[in-house]
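Take a look at the letters that make up each chain.
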Amino acid sequence: MDRKKERRDRLVVLSFVSIMLMLVYGPLADWFHAADHLLYDTIATHIGNETLDDGVIVSVNPAQKSTQDVSRIYGSLVRRFQDLGAARIVMPEGPAPELSGELPGWAAALGDRTPVFVPRGHPLAEVATKTGFLTLQPDNDGVLRRLSLWQFESGVMFPSLPLAIALSSQDTAASSRISSGDDAVFLSNYRQVQRYTPEEVLAADFPGSNLKNRTVFLDSALPLVHAAAILPSGEYVTRSEITAALLANIEQDEAIVAPAWVGALEWLAPALLAIVGVLFGPGRKRRDILIWAVGLVAALVLIEALMLAFGRVRFDLGRPIVVFVAAAASSWWLAGVKKKAAVDAFKRGSDFLSAGRLEPAFAEFRRCEPSETVAAVMYKLSLAFEGQAKPERAEAVLQWLKQTQGQDNDRSHKLHETNGSGMPERLGRYVIERKLGRGAMGAVYLARDPRINRPVALKVIPIEKEFEDEELEEARLRFFREAESAGRLTHPNIITVFDAGEDKHLAYIAMEYLGGTPLTHYTDPKKLLAPKKALELCARTADALNYAH
């Protein structure tokens, strides 16, 4: 029955996960990309990037300045950079986007002494040393995460501006990780590059060492005010800052890339995780599903973080995690349905047992999850079958107990044949092992039912010693009436009574044995129970009393 239900649950989870896969990688793919973006952004924010050590940014404030004024200041700054020995001049935006026709006079000197780099298609491109494209294409949420390294145009591969700058240096060799035409680099966060104002650079007392052998970025975009994009870290950056960040990553071989094999794994991962969810989720308890799912999701997040931080490889696991969580959630929901069905079955079985309808009770109890409580009532059911002279049914119940409880002969304790404590060795069919406690009239022993090797608590009263002849019969009736009344109660918070009898002038009641710590242990002021735990115990006790009444 359980295996059939487990197979049915697997089919339910498989159907649900299949639908999720079609949605996540089909019509709703753009929407579910948010999971990839969220995970990547969270990790990328904390990635350790090195700043461009020799980088300097000088930004002209275009406010209240004409195009000609900005162009003139650009010319003065370019000559100043050349005079101070700058290693490279990069103009990611150029001096005047509206510039057309004849170039300004200072443009003729570009590249004479210092290499100058501008974007492709800019009016100054024809006189610059090198050009490269700088096309910013943010994702649907407006965040810039990706920049192509190469662009195919008219049968020719053109590099991006950061890559063109890196390749022009004799000291920098292009990494094999970014040498193929289909590669792209990914942005994470921005480490601040030193900035100077035009007024500081053009001042007569400006130290030349501040620009000598440095890579100088010249633009008319003030930080934040003229930001061109938002990075995954949430930082607003200009084109110069984007170029500086990517140039640093390329030159220091720390660029984040996504090789072809990563793309294949990103398609394989959701299928593998879906299979894992279908195979290992159904049939488990809710707590086990939760622990298992949280552990695996944490491992996946750690894998992505390690690959990003140490391998500089972007491996998006956001959507595969969504698929796996969907599988785990459906298994968790089915486990709750199964638990409710088991609770209802236990209640119906208890009602049938109290009414003496043993066969329906047996059928209901078999639908329950194996537990000590279920084992206790099943043991009680086997004794009830024996009382109705149905030994074959009693044996069937005991066989079910052995199969579900996993009884192991190695667990059986060595019994003492003799003892000098006056403790009885056997009462009825129960073998006495040791004394658990003593009250005013009798004692409680730990005993074992040899038929199924099950421990029981045996409450024993020397009834003939405690009562006179005229009171003995009434005491015996009261004792067994108490056992009978208690035996009718079937509740998780009430000890189950299995059997009652009289042997060797001793009356006994065989009850469910529960190990644990006595409450007297917690009467010590230093060992008091926590208020929440104490209230939970009170609530359970009140629930049991309510059931008994």
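Preceding this section is the structure that the text describes.
All of the points below concern the structure found in this document. In this text the structure is predicted, and so the values were computed from the model without any measurement.

## Some remarks on the overall build of the chain
Link 1 in the chain: Scanning the chain from N- to C-terminus turns up 15 helices and 19 strands.
Link 2 in the chain: Put simply, the chain has 549 residues, and 43% of those count as buried.
Link 3 in the chain: Counted over contacts in the chain with a minimum sequence separation of 6, partners at least 24 positions apart contribute 68%.
Link 4 in the chain: Accessible area of the chain: about 29,000 Å², with a carbon and sulfur share of 56%.

## Details of the nonpolar core
Link 1 in the chain: Of all hydrophobic cores here, the largest spans 36 residues; its most connected members are Phe365, Met378, Tyr379, Leu381, Leu401, Tyr430 and Leu458.
Link 2 in the chain: When residues of this core are traced back to their parent elements, those giving at least two are α9 (318-354), α10 (358-365), α11 (372-387), α12 (391-405), β15 (430-438), β16 (443-449), β17 (454-461) and β19 (506-512).
Link 3 in the chain: Residues Val185, Leu187, Leu247 and Val257 belong to the second largest nonpolar core, which totals 30 residues.

## Some remarks on empty space enclosed by the protein
Link 1 in the chain: For the structure on display, the rule yields two cavities of 30 Å³ or more.
Link 2 in the chain: Volume-wise, the largest cavity comes out at about 70 Å³.
Link 3 in the chain: Here the residues of the lining of the largest cavity are counted per class, giving six nonpolar, four polar and two charged.

## As for the packing of helix α2 (residues 29-44) against helix α8 (residues 286-309)
Link 1 in the chain: Across the interface, α2 lies against α8 with an axial gap of 10 Å and an inter-helix angle of 55 degrees. It follows from the interaxial angle that α2 and α8 lie oblique. Of the two elements, α2 crosses α8, and the hand of that crossing is right-handed. Residue-level contacts link Leu39, Tyr40, Ile43 and Ala44 of α2 to Val301, Glu304, Ala305 and Leu308 of α8.
Link 2 in the chain: Across the contact of α2 with α8, the residue classes tally to seven nonpolar, no polar and one charged.

## Notes on the pattern of salt bridges
Link 1 in the chain: A complete count under the given rule lists 20 salt bridges for this structure.
Link 2 in the chain: Across the salt bridge formed by arginine 145 and aspartate 41, the nearest N and O atoms sit 2.7 Å from each other. You can see arginine 145 sitting in the loop between β4 (130-132) and β5 (146-148) and its partner aspartate 41 sitting in helix α2, a full 104 residues away along the chain. One exposure class covers both arginine 145 and aspartate 41, and it is buried.
Link 3 in the chain: Among the charged side chains, a salt-bridge network with shared partners connects Asp41, Asp139, Asp141 and Arg145.

## Remarks on unusual backbone geometry
Link 1 in the chain: Non-glycine residue aspartate 253 carries a positive phi angle of around 55 degrees.
Link 2 in the chain: Within the secondary structure, aspartate 253 is located in the loop between α6 (239-251) and β13 (256-257).
Link 3 in the chain: Judged by its relative accessible area of 43%, aspartate 253 falls in the partly exposed class.
Link 4 in the chain: Backbone geometry at arginine 312 places phi at a positive 55 degrees, although glycine is not the residue there.
Link 5 in the chain: For arginine 312, the position within the fold is in the loop between α8 and α9.
Link 6 in the chain: Since its relative accessible area comes to 8%, arginine 312 is described here as buried.

About the cut-offs
- Residues numbered from 1 in each chain as written.
- Predicted model: local features only at pLDDT ≥ 70, side-chain atom pairs only at ≥ 80, totals over all residues.
- Heavy atoms only, no water.
- Helix = DSSP H or I, 4+ residues; strand = E, 2+ residues; numbered from the N terminus.
- Buried < 20%, exposed > 50% of the residue type's maximum accessible area, 1.4 Å probe, protein only.
- Contact = heavy atoms within 4.5 Å.
- Areas by Shrake-Rupley, 256 points an atom, 1.4 Å probe, with all protein chains shown as cover.
- Core = buried A, V, L, I, M, F, W, Y, C linked by side-chain atoms within 4.5 Å.
- 1 Å grid on protein atoms, 1.4 Å probe; cavity = no way out; pocket = protein on both sides within 12 Å on 5 of 7 lines; lining within 4 Å.
- Points joined across faces, edges and corners; volume = space filled by probe spheres on them.
- Nonpolar A, V, L, I, M, F, W, Y, C, P; charged D, E, K, R; others polar.
- Axes fitted to C-alpha atoms, helices over the stretch in contact; angles between N-to-C directions.
- Parallel < 35°, antiparallel > 145°, perpendicular 65-115°, else oblique.
- Left-handed = near helix turned anticlockwise from the far one by under 90°.
- Salt bridge = Lys/Arg side-chain N within 4 Å of Asp/Glu carboxyl O.

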